[in-house]
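# Residue-level structural notes
Listed below, chain by chain, are the residues.
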Amino acid sequence: MAEVRCPMCGKPNPPEVDTCQFCQARLKPLVAPEPSESTPPDQAPAADDSMSDWLSSLRDSGAQEDIEHEPVEDNQSLPMSGSDMPDWLDSLRGSSEAGVSAFLAESTPEGSLTGEKTSGAEGEWPLAAELPDQEYVPEWLAKVELEQKLLDEPASPEAAEEGIAGGPEGEPEWLLKVRSKREEDIADSAPLEIPPADAGLPEWLAQSNAGEPLESEASSNNVSGWLTKLRRGQALDETVQEADAGEEVAAPEVSVEETVHIEAAPVEAAEETTTAHAEEPAPEGEIPDWLAGLVAGKAVVSAQENIETDAEGLPDWLADLDKSSSQEPGVIVPFGEEEPGLTFDWLQEQVRADQGIPISAAAGAGEPEELEAEKVGPFVGDLSDFLEEEYLTASETEGVPTAQSGEDLAPAELPNWLEAMRPLGAAALGAAAMGDVEAQIESSGPLAGLRGVVPAEPDIARLMKPATYTIRLQVSDTQQANATKLEGLVKAEGVTRPVPGRPAITSQHVWRAIIFAVLIGVIFWKAFTGSQDIPLPALLPEVLDTSAIIDGLPANPVVLLAVDYEPGYAGEMEATSSALIDHLILKGAYLALVSTTPNGVALGEDLLQNIGTLNGFQYQEISQYANLGYISGGSSGLLGFAEAPRQITPYALDVNSTYVWGQAPLQRVQTISDFDLVAVLTEDADKARAWIEQVQPKMESKPLVMVLSAQAEPMVRPYYQGNPKLVAGMVAGLVGGGSYESAHPNLLGGIGPARRYWDAFSLSMLVVLVLIAVGIVVDLSISAVKNRKGEEGGKAK
Amino acid sequence: MKAPVSTAIAIGVGLVVLLGYFIPIPLLTNLRGILVGWAVILAAVALFVGVANLFLVHWRKISRAPTGGVYSLVLIISLGATLVVGGLFGAASYWPVWIFKNIQMPVETSLIALLAVVLTYAAARLLRRRLNVFTIVFLATALIVLLGTAPIFGIEVPFLYGETGLRSLLTQIPAVAGARGILLGVALGAIATGLRVLMGVDRPYGG
């Protein structure tokens, strides 16, 4: 005997082993198939010797499926003749037909899958008696004959009344007759005997009859899923076969019920009769809940009294399913017309699509339910998902009308714009490139036999020569002319052109020289002549306020003098402030000099020296004044000095770096408010503002006086004119200094700097006015002449 | 934010100093005084660093281009001499003040003196460059103020001089109004700048 090939992994195994050496799958069934004694040798499959057992059983199951589904096709088409069929199909059909003949001849009406067959009397089953033993009768013809005989016999009214399905409205007549006949048989039949041999049964049924169904079912738990499905399909086929033979269970629901019992019930349940199965379901502990509920629900179809009792233990969805089924127990609702929610929509659509039922037609618009039932099939919709899948697969393979092919569809009409967008070249290229790839059939590996699954060198196959585009720029004559002009302009920009020479002496130079000569001449004239002919300006209000503040200071006041101007403005600032400082010295003030600019230290020293020179008095450092130096940090330094002057400037800038805060009169000064007066000399408005904003608030009631240059006056005047006055007094510019000197003619020896500068200043100011006026007149005249020439030129043109 | 530590320090110090103005708590006041004292010292150090940097820049300029570094050489010599004199005799002594009075002051005063010539020329040529209403108003205002600043040969024009004269009206009403507007703008700008620094939006200290 040849080696046995494993049905699971396909690898060869020695014939003596029971399980596969590679995958440990069982090679031999637990129930050894017995050779069919009643099968004639000429009807036996020719290939049985070469086929393994599992393939034989599979073929038998396929044959039985043919038997089951042939009534659906009997009314539509004739069976194929033996000459048109291929060999393998012919042999397969022959074996199935032989099985059917034997089954019809020898099986009893009470034959059940549970093994507890009640042998039907041959006299009560006309089909077996009328069929010739060895004559070939096609199964479809046998079915027609069987139906005809059943129709010819009168149905008993009692059986019709006691029918399981209370509402035979949706059942065909032949089925009602079969049911009636079966009821009579049940009433009259005695316990049947098990036939000694299952001559007409398929191999798997023979295994069941051999008395080891338990092991078969038990072993099913260890097999793979596809094998389980296959076995379930076999069981389903068996039930259908029983229905065709006139069993008690005529409705498809009962067949499903039996199938479920076959799969789930233990041995005890399997040995019971069909009716007993319906009335006494298996204990809940041995079967899953869902299956128990389903069994209970289905049992109601045949025995309505158990509906409510069994439905209590079911989930809601399953209870609804059972209720809906129990509402019309005798009606077979075709798939697609059942109550919404019983099946999945996608499954319904898929089944409709597979069976060629349009959706609109599936909605049941005017089509009879019987016709729908014939098209769809009785089981779909009431089965579990996996059973429906198996059933639909089998129906599809048996020639159930499929969807229309694409040839029947009218070609789509694309709009022009969409047609223009179609990548025809790419599509053609892809089609050409993929043509060879799709033609390739995998010869090895897990994809063997598949076409075009793994394209070979797709990138190389899709390579194509890139399209060539012209790079020649097409321009019109106008564009070419414009480009030429642009090119000429660009080239002209790069050409170096000689710069026209400017004259050595221009009107600008002449004007500058005239202004300089006039100004310096006037100044030199007044400076060298020492003229003091022009009177000083009158006393200004701010100067008067400043003078009054100084006059109101106590004797020997301590005055903080901030020298915050730049050396370039020293001439103006000395002339402005000399009289004021001399006024303070006359009051016996002790001056503390500070500065927020590094130049302020030297400027302060120079200022005091110049004032001393004018009034003939040399101020002594430390004893009469103290130069505290530079306050760094700008506004922050001023704030720090205002709050703690001793910490910011602890030492004087004398040779000994004296700590002046420990000596009189600065010994009493702790904060800025301890100074009697703060006088700020600056030419910068920002510096003046910093002193006003940072120091003045710390001075409490002590006055702050500003000595400013003429340019800073407008910015500081708001502080002076405000209410309250942040600046108590102000002396601004040479005018302010001259005004102060005029108010105090005894200061600075009677001739202060303001007085010395005033004539030259006044005369030069007049010259400046004249120069500006002359310039304005000349410019206006030139402009008028040019405009006139322009107008004359325009008129001449 | 590149330097969160420096930003946090700046914001914290700013808040302490600001709160010290509004909340008269001795702790805040003293802390504010300490921080301000640090700022004064750091500013002085920054001035010294600036002088050192100026010396190094001009020293490199002399080293790389000896022919073009004459002015840099003069600057370095002047810096060194002033530093030596000030260090030896003190900043307020005679020789440092002499150097300042006879060198620096005449130079800077001369530069300011040139300003008088340039401004006069610019005013005289202004109408040639731009002749419009605003230019005329500007020139008229300048001429009136100059004329009112220094009486011509002591002759005071009644409507021009004095507290009610045209010059005083111009300098104390429109000029002061404009100055106040500028000061208000400066104050608002200072507040905005301070708030931006306190919130870390502006980081003039880097980071």
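Our subject is the structure that appears above.
Worth saying up front: this structure is predicted, and the values here are computed from it rather than measured. (Residues numbered from 1 in each chain as written. Chains lettered and ligands numbered in written order. Predicted model: local features only at pLDDT ≥ 70, side-chain atom pairs only at ≥ 80, totals over all residues.)

### Points about the nonpolar core
Ranked by size, the top nonpolar core spans 84 residues in total, and within it Val559, Ala592, Ala679 and Val716 of chain A carry the most contacts. Excluding anything up to four places from it in sequence, Ala592 of chain A contacts Val558, Leu560, Leu561, Ala626, Leu628 and Leu666 of chain A. Grouped together as the second largest cluster of nonpolar side chains are 25 residues, Phe761, Met765 and Ile776 of chain A together with Leu127 of chain B included. (Core = buried A, V, L, I, M, F, W, Y, C linked by C-beta atoms within 7 Å. Buried ≥ 20, exposed ≤ 12 C-beta atoms within 10 Å, placed from the backbone. Contact = placed C-beta atoms within 7 Å.)

### What about the environment of Ile622 of chain A?
All names here are of chain A. Mapped onto the secondary structure, Ile622 falls in the loop between helix 27 (600-615) and strand 5 (625-630). On the basis of neighbour counts, which here come to 14 C-beta atoms within 10 Å, the residue Ile622 falls in the partly exposed class. For the pair formed by Ile622 and Ala652, sequence separation is 30 residues and the distance between their alpha carbons is 8.0 Å. Among all residues touching Ile622, those that are not within four sequence positions of it are Ala652, Asp654, Thr658 and Val660. (Helix = DSSP H or I, 4+ residues; strand = E, 2+ residues; numbered from the N terminus.)

### Description of the packing of helix 24 (residues 507-529) of chain A against helix 4 (residues 94-124) of chain B
Packing of helix 24 of chain A against helix 4 of chain B leaves a shortest axis separation of 9 Å and a crossing angle of 125°. With respect to each other, helix 24 of chain A and helix 4 of chain B are oriented oblique. As helix 24 of chain A packs across helix 4 of chain B, the resulting crossing turns out to be right-handed. Between helix 24 of chain A and helix 4 of chain B, the residues in contact are Trp511, Arg512, Ile515, Phe516 and Leu519 of chain A and Ala116, Val117, Thr120, Tyr121 and Ala124 of chain B, respectively. (Axes fitted to C-alpha atoms, helices over the stretch in contact; angles between N-to-C directions. Parallel < 35°, antiparallel > 145°, perpendicular 65-115°, else oblique. Left-handed = near helix turned anticlockwise from the far one by under 90°.)

### Focus: the environment of Thr29 of chain B
Residues and elements named next belong to chain B. Position of Thr29 relative to the elements: it lies in helix 2 (residues 26-64). With 13 residues separating them in the primary sequence, Thr29 and Val16 have C-alpha atoms 8.9 Å apart. Not counting residues up to four positions away in its chain, the partners in contact with Thr29 are Gly20 and Pro24.

### A closer look at the interface of chain B and chain A
Accessible area lost when the parts come together is the quantity often used to give the size of an interface. Taken together, the contact pairs 49 residues of chain B with 52 residues of chain A. Split into classes, the residues belonging to the side of chain B that touches chain A amount to 33 nonpolar, eleven polar and five charged. (Nonpolar A, V, L, I, M, F, W, Y, C, P; charged D, E, K, R; others polar.)

### Notes on the pairing of strand 4 (residues 590-595) of chain A
Residues and elements named next belong to chain A. Counting buried residues along strand 4, six of its six residues qualify, which places the element largely inside the surrounding structure. Side-chain alternation along strand 4 places Tyr590, Ala592 and Val594 on one buried face and Leu591, Leu593 and Ser595 on a second face that is also buried. One ladder, built from five bridges, connects strand 3 (residues 558-564) with strand 4; its direction is parallel. Across the sheet, residue Val558 finds its bridge partner in strand 4, namely Tyr590. For the crossover that starts at strand 3, traverses helix 26 (residues 570-586) and ends in the parallel strand 4, the hand is right-handed. For strand 4 and strand 5, the ladder comprises five bridges, and the chain directions are parallel. Among the inter-strand pairings, Ser595 is bridged to a residue of strand 5, identified as Tyr630. Handedness of the crossover joining strand 4 and strand 5 through helix 27: right-handed. (Pairing = 2+ DSSP bridges. Right-handed = clockwise from strand over helix to strand, strands pointing away.)

### Quick word on unusual backbone geometry
Across the chain, the bulk of peptide bonds are trans and the bulk of non-glycine residues have phi less than zero. All names here are of chain A. Following Ala664, the chain continues into Pro665 via a peptide bond in cis, with omega recorded as 5°. Here Pro665 is to be found in the loop between helix 29 (645-648) and strand 6 (677-682). In the segment running from Asn723 into Pro724, the intervening peptide bond is cis, with an omega of 5°. Mapped onto the secondary structure, Pro724 falls in the loop between helix 31 (713-721) and strand 8 (729-732). The phi dihedral of Asn556 is positive, around 50°, even though this residue is not glycine. Phi angles above zero are rare outside glycine, and Glu700 is one such case at about 55°. Note that Glu700 resides in the loop between helix 30 (685-695) and strand 7 (704-708). Residue Glu700 is classed as exposed on the basis of its C-beta count, with 10 C-beta atoms lying within 10 Å.

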